[in-house]
Amino acid sequence: SKPVKQYTLVLCLDRSSASNLHTQPQSQAQAHRILLGYKKAGFGAHKFNGFGGKVERSDSSVRAAAARELHEESGIWVPESMLLRAGTLVFDFEDGGSAPPFILHVSVFTLDWKPEVILPLDENASAPVPPPFETDEMIPQWFDVHAIPFADMWPDDELWFPAMLADKPFVGQMWFAADQKTILKSIVAKDDSG
Ligand code: 6U4
Ligand code: NA
Ligand code: NA
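Since this is a predicted model, take the numbers as computed values, not measurements.

(A) Main features of the environment of aspartate 136. Among the structural elements, aspartate 136 can be located in the loop between α3 (122–125) and β6 (138–144). Given a relative accessible area of 73%, aspartate 136 falls into the exposed group. C-alpha of aspartate 136 to C-alpha of lysine 39: the two residues are 97 residues apart in sequence and 9.2 Å apart in space.

(B) Local environment of the coordination of the sodium ion (ligand 2). Looking at the metal site, the sodium ion (ligand 2) is ligated by Gly52 (O) and Glu73 (OE), spaced 2.1 to 2.3 Å from it. A gap of 5.3 Å separates the sodium ion (ligand 2) and the sodium ion (ligand 3). A residue pair is termed long-range when its members are at least 10 positions apart, and glycine 52 in the loop between β3 (48–49) and α2 (62–74) and glutamate 73 in helix α2 qualify at 21 residues. Relative accessible area serves as the criterion here: at 17%, glycine 52 is assigned to the buried category.

(C) Geometry of α2. Between its first and last C-alpha, α2 extends 18 Å over 13 residues, near the 18 Å set by a 1.5 Å rise per residue. Counting buried residues along α2, ten of its 13 residues qualify, which places the element largely inside the surrounding structure. For α2, the complete set of buried residues consists of Ala64, Ala65, Ala66, Ala67, Arg68, Glu69, Leu70, His71, Glu73 and Ser74. Just past α2, the residue glycine 75 takes up positive phi, approximately 85°.

Definitions and limits used
- Residues numbered from 1 in each chain as written.
- Chains lettered and ligands numbered in written order.
- Predicted model: local features only at pLDDT ≥ 70, side-chain atom pairs only at ≥ 80, totals over all residues.
- Heavy atoms only, no water.
- Helix = DSSP H or I, 4+ residues; strand = E, 2+ residues; numbered from the N terminus.
- Buried < 20%, exposed > 50% of the residue type's maximum accessible area, 1.4 Å probe, protein only.
- Donors = N, O, S within 2.8 Å, 3.2 Å for Na, K, Ca; no water.
- Expected span 1.5 Å × (residues − 1).

Next up, the structure:
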């Protein structure tokens, strides 16, 4: 059977808005903006996605790996405890072409965006603009949650973004054709582990 590689993916959600603040506590408010990054090169190049990557041997945990990748790709540096577990996705590609010859196990996290949660790393302090900013890998861009550019994203995102945006824990598995575009089969379910 194919090996499995662990990956992370972080979506930053902005729940602050004048209307939200007056009606409900911010922690329960629906996000109105989401931060995505335009991937400049490598796997998933020229698509918008959250920030993330492979879990490395040197990462103390999957959450620490997620915080590291978020920082490397967007400049955003936050305490890892601020990354909230949102869901788990498993991607399996048909053999052939340049599709990965392993199964991707992706731990998805959300981060409630507040400029003040960014840690004042020296690296950030000397940055010409506050994070998020363009890095070697990604060009960050905010989107209204009603204008998410699904046509320029991985095709599975449409299937699980609704659960993620509604703060409903989810698990999903997608089987891709070797073209890395066609979803042959998919399952998305509510995560009932409590
Ligand atoms: P290197 O090559 O070491 O720089 P690394 O940054 O570690 O790579 P990368 O960028 O290849 O890893 O990680 C892929 C990213 O894309 C992870 O955040 C997971 C995410 N991803 C992969 N398949 C996806 C899919 N079908 N839908 C999705 N995100 C996916 O939404
Ligand atoms: Na990456
Ligand atoms: Na990496």
